[in-house]
Structures are given as C-alpha cells and as structure tokens.
Protein chains: 2
Amino acid sequence: MGRPGLNRTAVIAAAADLADELGFDAVTISVLARHLGVRSPTLYSHISGATDLRTAVTAYVLDELADATSTAIAAGEGRDLLVAYADAIRDFARRSPGRYDATTRQRVPPASDPAAEIPDSVAAAITAGRRNADLALAVVRSYGIAQTDETYAVRLMSSLIHGYITLELAGTFAHSEPSSDATWGEALDDLDGSLTRLAARAAAANMVR
Amino acid sequence: MGRPGLNRTAVIAAAADLADELGFDAVTISVLARHLGVRSPTLYSHISGATDLRTAVTAYVLDELADATSTAIAAGEGRDLLVAYADAIRDFARRSPGRYDATTRQRVPPASDPAAEIPDSVAAAITAGRRNADLALAVVRSYGIAQTDETYAVRLMSSLIHGYITLELAGTFAHSEPSSDATWGEALDDLDGSLTRLAARAAAANMVR
DNA sequence: CGAATTGCCTAACAGTTGTAGGAAATCTAG
DNA sequence: CTAGATTTCCTACAACTGTTAGGCAATTCG
C-alpha cells in the first residue's frame, strides 16, 4: 500500500490546530508545510489546493463541533438542554477560536451549475453543516414548538448564540461591566423565555383544534 | 501643492467598493492597484501596507454604517426605533456584503504595550467602533432601561442583530421556509419584548424606591 | 520661469501558490 | 527474497503578491 507518512486527515487536523494557534487566515500551505516538517509541494498530494484545504478544515471542524454539542445535550430537555447546547458551542469557540472561525467563514456554494462537480470537501462541509442544523432542531423540538415555528425558533436561537459568541470572541464585551459570563446567562434566560412562549403558542393551538 | 491624483480616501473608498464586488478577502494591494489603473507600488504612497489598508477600510465602513443607522433612527423611540435601527444595519449588510464583512473582521488590539504606537487606521477604527456602540446604546436607552441593565441590553440586541445578519448573509436561511424577511420581523418582535420587559423591571424598581 | 512638492513609475527581492517530473521508501505478490 | 506497484516526498520552476528603493515627470506657487 505504498510508503506511510502523512495522510489527508492528518494534514487537515494539523491545519485546524494551526488555526487555533495563529488564526484561520494565517493557515497557508507553506506555513502548514513548515509546521509539518515537509516541503510545500508535498501537501498537494493530500489536498488539491488552498481553497480545498480551507473547506476541508471547515468540514472537519463542523464535525468536531457537532460531536461536542451532541455529547453535551445527550440528556435533558427544554431549558437544561438549551443551556447545555449553548454552553457547548461557547466552550468550543473559546477553547478553539481558530476552529470556530473556520465554521463561520463559509459561504454556501453559489447555486452552482447543475452539472458542476462538487468537490469532496464541499460535500463534506454541507453534510457536517446539516448535522449541526439537525442538532439545533432537536433542541428546539424538545420545547414542543409547533412545526410551523420550528424554523423560526432555530433561526432565533442560532442567531443569538452565534452572534453573542462572535462578538465576545472579537473582544467587544471585554471592556465593560458586567462580565460576559453574567450577560451570557441572562441572554440564555431570555432565549429560553422566547422558546417557551413559542411552545405555549403551540399548546394553545392544539387546544383549539 | 504638487500633482493631483489619488489620495488616501479615494484609495480606501475604492477598496470598499471592491470588497462588495469581490469579497473582503479578495481586496489585495495588487488587485486594488489594477482596479485603479495604477501600479501596485503606487499605493504605498497612500497606505502603509496591506494591514493598514484593511484596517482603514474597516474604519471607513464603520463610519458609513454609523451614518446609515443614525439617519434611520433620527426620529422615534422604543419599538419603532429598534426596527428602524435594525433594518438600517440589515439593509446595509445586504446592499454591501463586502463592507459588512469588513466590520466583523476586526480584532481588538491585543492589549498592546503602553508605549506601542497606535497607527492612525487603528485609532480611526476604534473611534468609529465607539460611534456605533453609542448608537446602539441610544436605542436601548429609548426603552427606558435601567443603567444597570444597559450593557446587557446592548449585548443582547447586538448579538441577535449581528448573528442573524451574518447567518442570513452566509446563505444559511436561503434553503428553508418561511422567508428570511418573515423570521427577521419575528425576531425583532421578540427582541422588542425582551427590551420592554427590561424596561418594566426598571420602572418597577423605581416604584419601590 | 524656477523650485518645491507630489504622484507615479521601473527595478528588484522575498514569500506564496501551484505544476511537472523524478527519486526513494514501503508494501504485496510470487 | 525479489520484483513490481504504490505512494510519499523532493527539487526545479513559473506566476503572482507584498514591499522597498530610487528616479522621472507633472503640477502648483512664488
């Protein structure tokens, strides 16, 4: 089976680590090659270029994130589930800012030509993205929200969590009181309130029926 | 006063336009120079390098954004003000995605050495950032929220608005019903509810006093 | 008109991306 | 154990980006 050495997964994992260390943008082919003790053309045996590398890192990291959240939310429902889910994402982002950055720097493929080839890394990112979306949906469903409101609930929850974490990570909350931890808890309380009200709406509609 | 031609502002404005056209990351010195019909070393008369260019674009765009929101919220208070403010930001982001990207790609200067020189562009970005923060605070204050809760309210509002716009711009909401416009309106309703409840808390506290 | 000012240029170098082709290391079949 | 296939990694090279240095030319002001 040929000579052993690097493989695609090892390269991508190293790139993810490097992103946490230096920032996602600083992960270039040549920096990564130096870091792996290898010449840069070598990496082209494992990845097809810089774009492919970045997309592959995004997919890899989205899977790690889904692993983290799905572990955290294994038990519980409603408020407990929401807090566990949101905390898992926030912890992930603070422990691995470069990885978290990678999850955000992805645009949806621009409605490509039907015949266009979809690279493996893009397909993997789409799949991993859907996995995360399904987890968010599971959190919302545990509140018992009506199907009509599910999409809205997911968007509300995701927007708030992602927005808060992004701003926190950018340092926006570092220069004023109260602590970011305190307002994070409050924000989750408010979000829990909104989701609970949506669920109540669903229950009321059921009564009428 | 010498020969007329480009000046720093013109270069930065062109870079902002280019960001909307090609994406913020695609705005490189050489691309910008070509776009301006000039050789790349020429730009070094106006900017001090690629980092300076990006930071300057961020500052420039943060000022444009503050102009847009402050115009929109000139009149009104409470819910009307919130909607006008949030819509102004969202419209800005959708009309100028590259510019909006520029506002987010900025990290706070890493607690630099007290003696470290602060480049003009960084100082400008900080000032413009504060201008936007003050506008957000004005929206919150119009609800009559207690001073203790102001910071939390600003963080909640900013997180939701920024998070929603970021995800929408990334195309996350493009593949499911209902329309993003519909859920945006709902999200602002919920946010208005949260801010209103915070204001009620302030009013109650006043009664007790 | 002369001089100062300023804008833009060419030349050149370092670093990065990406391609092409070859040499060495390892695994597997006989 | 040997031969072949496979795969890794390398050197060499071309194109492009960022950046510095130094010089020519256009414009404005006295």
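Residues numbered from 1 in each chain as written. Chains lettered and ligands numbered in written order. Predicted model: local features only at pLDDT ≥ 70, side-chain atom pairs only at ≥ 80, totals over all residues. Heavy atoms only, no water.

J.: Would you mind showing me how to read the relation of the copies chain A and chain B here?
T.: Here the two chain copies are tied together by a rotation about an axis and a shift along that axis. Here chain A sits on chain B after a turn of 180° about the axis and a move of 0.0 Å along it, with an RMSD of 0.1 Å. One copy is carried onto the other by what is essentially a two-fold rotation axis. Identified as the residue of chain A closest to the rotation axis by C-alpha distance is G163 of chain A, at 1.8 Å. Comparing interface residues between copies, 100% of those in chain A also sit at the interface in chain B, which points to an isologous, same-surface contact. (Least-squares fit on C-alpha atoms with pLDDT ≥ 70 in both. Contact = heavy atoms within 4.5 Å.)

J.: So what exactly am I meant to see when it comes to empty space enclosed by the protein here?
T.: Here the idea is plain: a probe the size of a water molecule rolls over the atoms and shows the empty space left. All chains considered together, the criterion is met by two cavities of 30 Å³ or more. The computed volume of the largest cavity comes to approximately 90 Å³. Around the largest cavity, the lining residues are L156, L160, A187, D190, L191 and S194 of chain A together with L156, L160, D190, L191 and S194 of chain B. Elements supplying a minimum of two residues to the lining of the largest cavity: α8 (147-169) and α9 (180-208) of chain A together with α8 (147-169) and α9 (180-208) of chain B. In terms of residues, the lining of the largest cavity owes the most to one element, α9 of chain A, which gives four residues. Here the lining of the largest cavity is composed, by residue class, of seven nonpolar, two polar and two charged. (1 Å grid on protein atoms, 1.4 Å probe; cavity = no way out; pocket = protein on both sides within 12 Å on 5 of 7 lines; lining within 4 Å. Points joined across faces, edges and corners; volume = space filled by probe spheres on them. Helix = DSSP H or I, 4+ residues; strand = E, 2+ residues; numbered from the N terminus. Nonpolar A, V, L, I, M, F, W, Y, C, P; charged D, E, K, R; others polar.)

J.: Any chance you could explain the packing of aromatic side chains here in plain terms?
T.: Two aromatic rings, taken as a pair, are described by how far apart their centres are and by the angle between their planes. Summed over the entire model, instances satisfying the criterion amount to four aromatic pairs over all chains. Measuring from centroid to centroid gives 4.8 Å for Y164 of chain B and F173 of chain B, while their planes differ by 55°, and the two rings are tilted. Three or more aromatic residues joined by ring pairs make a cluster, and in this case those are Y164, F173 and W184 of chain A. In this structure, R54 of chain A is placed above the aromatic ring of F24 of chain A, and the distance from its NZ or CZ to the ring centre is 5.7 Å. (Phe/Tyr/Trp six-rings, centres within 6.5 Å; stacked < 30°, edge-to-face > 60°. Lys NZ or Arg CZ within 6 Å of the ring centre and 35° of its normal.)

J.: Got a minute to help me understand the side chain of R155 of chain B in this structure?
T.: Mapped onto the secondary structure, R155 of chain B falls in helix α8. Buried and without a salt bridge, R155 of chain B has E177 of chain A as its closest oppositely charged side chain, separated by 7.3 Å. At 3.0 Å, the side chain of R155 of chain B forms a polar contact with the backbone oxygen of S176 of chain A. (Buried < 20%, exposed > 50% of the residue type's maximum accessible area, 1.4 Å probe, protein only. Lys, Arg positive; Asp, Glu negative; His and termini not counted. Salt bridge = Lys/Arg side-chain N within 4 Å of Asp/Glu carboxyl O. Polar contact = N/O pair within 3.5 Å; in protein donor to acceptor, adjacent residues only side chain to side chain.)

J.: Is there a simple way to explain the UniProt feature "domain: HTH tetR-type" (unreviewed entry) in chain A in this structure?
T.: UniProt records the feature "domain: HTH tetR-type" (unreviewed entry) for residues 5-65 of chain A in the present numbering. Between the C-alpha atoms that bound residues 5-65 of chain A there is a distance of 27 Å. The span itself is 69% helix and 0% strand. (UniProt positions renumbered as here; feature names shortened; annotations may be inferred.)

J.: Help me understand the UniProt feature "DNA-binding region" (unreviewed entry) in chain A in this model?
T.: Per the UniProt record, "DNA-binding region" (unreviewed entry) is found at residues 28-47 of chain A. Secondary structure across residues 28-47 of chain A comprises 55% helix and 0% strand; the distance between its end C-alpha atoms is 12 Å.

J.: Is there a simple way to explain helix α4 (residues 50-72) of chain B in this structure?
T.: An α-helical turn contains 3.6 residues, so any two residues separated by three or four positions project in the same direction. Residue and element names in this part refer to chain B. Its 23 residues place the ends of α4 33 Å apart at the C-alpha level, agreeing with the 33 Å of an ideal helix rising 1.5 Å per residue. Every buried residue belonging to α4 is among D52, L53, T55, A56, V57, T58, A59, V61, L62, L65, A66 and T69, and all of these are buried. Here the buried face of α4 lies against α1 (8-22), α2 (29-35), α5 (78-95), α6 (97-104) and α7 (120-141). (Expected span 1.5 Å × (residues − 1).)

J.: Would you mind showing me how to read the pattern of salt bridges here?
T.: Should the charged atoms of two oppositely charged side chains come close, the side chains can pair. Residues and elements named next belong to chain A. Scanning the model with the defined rule gives 34 salt bridges over all chains in all. For R131, the salt bridge goes to D63, with nearest N and O atoms at 2.6 Å. With R131 in helix α7 (residues 120-141) and D63 in helix α4 (residues 50-72), this residue pair connects regions lying 68 residues apart in the sequence. Taking relative accessible area as the criterion, R131 reaches 30% and is therefore assigned partly exposed. A salt bridge links E168 to R94; the nearest nitrogen and oxygen atoms lie 3.7 Å apart.

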